[in-house]
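Working through the structure, step by step
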Amino acid sequence: MEVLFIGTLRADVPACEQDEVSQSLIDGFGCAPVFLPAGLYDRFYQHFCKGYLWPLFHYMLPFASALPAAASGDGRFDRGAWEAYVLANKYFFEKVVEVINPEDDYVWVHDYHLMALPTFLRRRFNRLRIGFFLHSPFPSSEIYRSLPVREEILRTLLNCDLIGFHTFDYARHFLSCCSRMLGIEYQSKRGYIGLDYFGRTVGIKIMPVGIHMGQLQSVLRSSEKEKKVAELRQQFEGKSVLLGVDDMDIFKGINLKLLAFENMLRTHPKWKGRAVLVQIANPARGKGKDLEAVQAEIRESCDRINKEFGQLGYSPVIFIDQSVPSAVRLAYYTVAECVVVTAVRDGMNLTPYEYI
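Residues numbered from 1 in each chain as written. Predicted model: local features only at pLDDT ≥ 70, side-chain atom pairs only at ≥ 80, totals over all residues. Heavy atoms only, no water.

Note on sheets: strands pair through backbone hydrogen bonds, and any given pair is parallel or antiparallel. Taken together, 6 strands build an open sheet; the order of strands is β3-β4-β5-β8-β7-β6 and the sheet is mixed. The sheet is open, and its two borders are formed by β3 (106-110) and β6 (186-189), each paired with just one other strand. Strand-to-strand twist across the sheet, computed as the mean angle between neighbouring axes with direction ignored, equals 25 degrees. Bridge count for β3 against strand β4 (residues 129-133) is 5 bridges, and the pairing is parallel. Within the sheet, the bridge partner assigned to Tyr106 lies in β4 and is Arg129. Strands in contact with helix α4 (residues 117-124) are β3, β4 and β8 (200-206); relative to β4, the strand with the most contacts, it is inclined by about 175 degrees. (Pairing = 2+ DSSP bridges. Helix = DSSP H or I, 4+ residues; strand = E, 2+ residues; numbered from the N terminus. Axes fitted to C-alpha atoms, helices over the stretch in contact; angles between N-to-C directions. Contact = heavy atoms within 4.5 Å.)

Written out as structure tokens, the structure is:
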């Protein structure tokens, strides 16, 4: 099957170079770029996606002080950010129109950033086959109903033919929202869940994301990984390594993990000098005061634990505040006694799969 990817670029490409860049990406990589104006990108991604939808879908209500980007300063919903979100989705739609063959192609839309896209597509191509997959939790109706554009988002998702979720709980929350807010009931027959919406049946599927075993195995066999394993075994000789691999965000519970490790060293002094917690923190995808506060907490905890329990040649916490190459990550997996995952709310955490 031929696949064409459509997405944005992190680089700011001047208008005079966009056609050339587009052609290079399509020819060389099968990717069609969407060029969003800088101001629009910030309003769409930082304000609405990361500042509003992402926290809400992880059960953080919008009137909390931890949502500075989403609010207009006093916790009220920022209608302008929603309009920027819809406009950004329209840019994606226009790129799809450029490259699609509506009679033969399927469109697979990914994640909460593009939940308005199915409406644009359905209006233009009535018979187009559209799928959507959500890579985050979908909250319970009690949480979701606090979103002022709750009905608009439900209705645009129902313009898809298939909607996928990581777990049955997330699908159940979506179905209860459709029932309570739109009055649409679902039918379940022999494991198939469907909703009738304007003469079409919308399928609901539970499709947990997995890991690419072949990719992992090829890295496991690499000389780079073996060399790093040898280095780490020498570095941690006589020590028990606990490993954390998390994105730097407010829901991964990294500081909770550090506090638990500190408590373990205090409660079981025999592990002092023997136990090492290596915490790899991938760079944050969002920004804001809440994230800065979490980062400051983590640094403070690392410094305090190393100061209290460290000794010559031994630091109980090794904090790696950057993404590491896959060969290095797998080397850490190889030498670790266990991986510690302490996320307080997560869509689908693949770290345990990779480690096992």
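Take the state of the cysteines next. Tallying each qualifying case throughout the model produces 0 disulfides. Residue Cys31 stays outside any disulfide, its sulfur separated by 20 Å from that of Cys49, the closest cysteine. Relative accessible area serves as the criterion here: at 26%, Cys31 is assigned to the partly exposed category. Not engaged in a disulfide, the cysteine Cys178 finds its nearest cysteine sulfur in Cys177; these two sulfurs lie 7.0 Å apart. Classification of Cys178 as buried rests on a relative accessible area of 0%. (Disulfide = S-S within 2.5 Å. Buried < 20%, exposed > 50% of the residue type's maximum accessible area, 1.4 Å probe, protein only.)

With that out of the way, let us pick up the confidence of the model for the chain. Overall, the prediction assigns the chain a mean pLDDT of 92, with 96% of residues at 70 or greater. Below pLDDT 50 for its whole length, residues 64-73 participates in 17 contacts with residues either more than four positions away or in separate chains. (pLDDT = per-residue confidence, 0-100.)

To continue, consider the environment of Lys90. By secondary structure assignment, the location of Lys90 is in helix α3 (residues 79-99). Between the C-alpha atom of Lys90 and that of Leu121, which follows or precedes it by 31 residues, the distance is 9.3 Å.

Relative to the assigned elements, His166 resides in the loop between β5 (162-165) and α7 (168-182). Of note is the side chain of His166, whose polar atom sits 3.4 Å from the backbone oxygen of His135. For His166, the residues in contact, after removing those within four places along its chain, are Phe133, Leu134, His135, Ser136, Ile206, Met207, Pro208, Val209, Gly347 and Met348. (Polar contact = N/O pair within 3.5 Å; in protein donor to acceptor, adjacent residues only side chain to side chain.)

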